[in-house]
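Remarks on the overall topology
Now for the letters of each chain:
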Amino acid sequence: MRLLLLACLRARTGNATTAARIQNHLHAAGHICVLKDAFMYESQTEIANLISTDKFDGALAIHLYKGGRLLQGSRIPFGIIFGGTDVNEDVKCEEKHRVMGAVLEEARFAVAFTVKMKELAAAEWPDARKKIYVQTQGIKTTPKETFDWYRFLQNADWHRKEPSIHLGIIGPAVDPLFTSEVKEKVKRAPGVHLLQEMPQDDLHAAMKRCFAVVNSSISEGMSAAILEAMDLNIPVLARNIPGNAAIIKHKETGLLFSNPQEFVVLSKSLMNDPIMEKEIVTRAKDYMKKHHSWESERKAYENLVRRLQ
């Protein structure tokens, strides 16, 4: 099949990484899968023209609203992969809720990363429950062997600080206003460093040299960064929100915090208790092997795409 995959493809974001991984799975199954950035299209007509011109047989969209709305009324069969903010945040907007319900009604299937995400979607659109499948993200980390950690530290200006605790914030500037606010706060926060995004293999190499990975998101579908840290044997400290709590069992496979004070207490306890750190890392790695197999994810998408034939 010739498949269109719509997603928000801002470089080196979770959505882009997930989309590339799914594309890889579908190519391995013998399909042609073409990635297109949903932000580049404004209307269903544009997508309809694209489908007609490029002769697509089926389509997938990551995010029920951002990608899915563009496929509404499509002449080809399509499936949806929930992003997280669609089910967690966009449902609160009446118009987006209506559009997403209509898209879900037309979709052949929908994928939720967690049971919790499926239940949230099914509560909003009960008639769609039977077409929602739970498929966790499959992770395969590839840390770059030649990554120069010391040069990385110098670029981050860490060499000018005392060798104590530092926080590195790495990623693309998705929201310009929020980014400017963060930059101003970082200037007044010694030991906090705002760093640009980097290739995934460099990022994995940098993560391996860190004491812990922190996820402070207020909304998540399923954080690939958390799963990658688990796979790399790095402890995770994450905000206690449904998306994170779905993959982290507190003090078993990671640590969950609800406020800055709790974050500091838990961080110190992790630093001062190497036995607890080792146990968390070991259990997290076992969890990854059992629930986030890259091979299992590949097989699942190969099977789901058959529903578009």
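Anyway, here's the lowdown on the structure attached to this text. (Residues numbered from 1 in each chain as written. Predicted model: local features only at pLDDT ≥ 70, side-chain atom pairs only at ≥ 80, totals over all residues. Heavy atoms only, no water.)

Brief notes about the sheet that holds strand S9 (residues 213-215)
Ordered in space as S9-S10-S11, the 3 strands form an open sheet in which the pairing is parallel. Of all the strands in the sheet, the pair left with one neighbour each is S9 and strand S11 (255-257). The mean inter-strand angle of the sheet, taken between neighbouring strand axes irrespective of direction, is 20 degrees. Sheet analysis places strand S10 (residues 236-239) next to S11, joined by 3 bridges and oriented parallel. Within S11, the position partnered with Arg239 by the bridge is Phe257. Relative to the sheet, helix H9 (residues 224-231) contacts S9 and S10, its axis offset from that of S10 by approximately 160 degrees. (Pairing = 2+ DSSP bridges. Helix = DSSP H or I, 4+ residues; strand = E, 2+ residues; numbered from the N terminus. Axes fitted to C-alpha atoms, helices over the stretch in contact; angles between N-to-C directions. Contact = heavy atoms within 4.5 Å.)

Structural notes on the pairing of strand S5 (residues 109-112)
Strand residues, when the strand is regular, have side chains that alternate between the two faces of the sheet. The alternating pattern of S5 places Phe109 and Val111 on one face and Ala110 and Ala112 on the opposite face, and all of these are buried. As paired strands, strand S4 (residues 78-81) and S5 are joined by 3 bridges and run parallel to one another. Bridging across to S5, Ile80 finds its partner in Ala110. Here S5 runs beside strand S6 (residues 132-134); their pairing, made up of 3 bridges, is parallel. Bridge pairing links Val111 to Tyr133 in S6. On the question of chirality, the crossover connecting S5 to the parallel S6 by way of helix H5 (residues 115-124) is right-handed. (Buried < 20%, exposed > 50% of the residue type's maximum accessible area, 1.4 Å probe, protein only. Right-handed = clockwise from strand over helix to strand, strands pointing away.)

As for the packing of aromatic side chains
In the structure shown here, the tally under the stated rule is 1 aromatic pair. We note Arg69 situated over the ring of Tyr65; from NZ or CZ to the ring centre the distance is 5.3 Å. For Lys140, the ring lying beneath its charged end belongs to Trp294, and the centroid distance is 3.6 Å. (Phe/Tyr/Trp six-rings, centres within 6.5 Å; stacked < 30°, edge-to-face > 60°. Lys NZ or Arg CZ within 6 Å of the ring centre and 35° of its normal.)

What about helix H13 (residues 294-305)?
Here H13 spans 17 Å end to end across 12 residues, near enough to the 16 Å set by a 1.5 Å rise per residue. Looking only at H13, the buried set comprises Trp294, Glu297, Arg298, Ala300, Tyr301, Leu304 and Val305. Along the axis of H13, the buried positions cluster into a sector of 165 degrees, meaning they face one direction only. In H13, those exposed residues whose orientation departs by more than 90 degrees from the buried face are Glu295 and Lys299. N-cap assignment for H13: the residue whose side-chain oxygen lies 3.2 Å from the backbone N of Glu295 is Ser293. (Expected span 1.5 Å × (residues − 1). Arc of directions from axis to C-beta. Polar contact = N/O pair within 3.5 Å; in protein donor to acceptor, adjacent residues only side chain to side chain.)

Regarding the sheet that holds strand S3 (residues 58-62)
Remark on secondary structure: sheet strands pair via backbone hydrogen bonds, oriented parallel or antiparallel. An order of S2-S1-S3-S4-S5-S6 is seen for the 6 strands of this open sheet, with the pairing classed as parallel. Looking along the sheet, the strands with just one partner apiece sit at the ends: strand S2 (32-37) and S6. Taken over all neighbouring pairs, the strand axes of this sheet differ in orientation by 20 degrees on average, direction set aside. Here 6 bridges tie strand S1 (residues 2-7) to S2, and the two strands are oriented parallel to one another. Counted as the bridge partner of Leu6 is Lys36 from S2. Along the sheet face, helix H2 (residues 44-54) touches S1 and S2 and points at about 155 degrees away from the line of S1.

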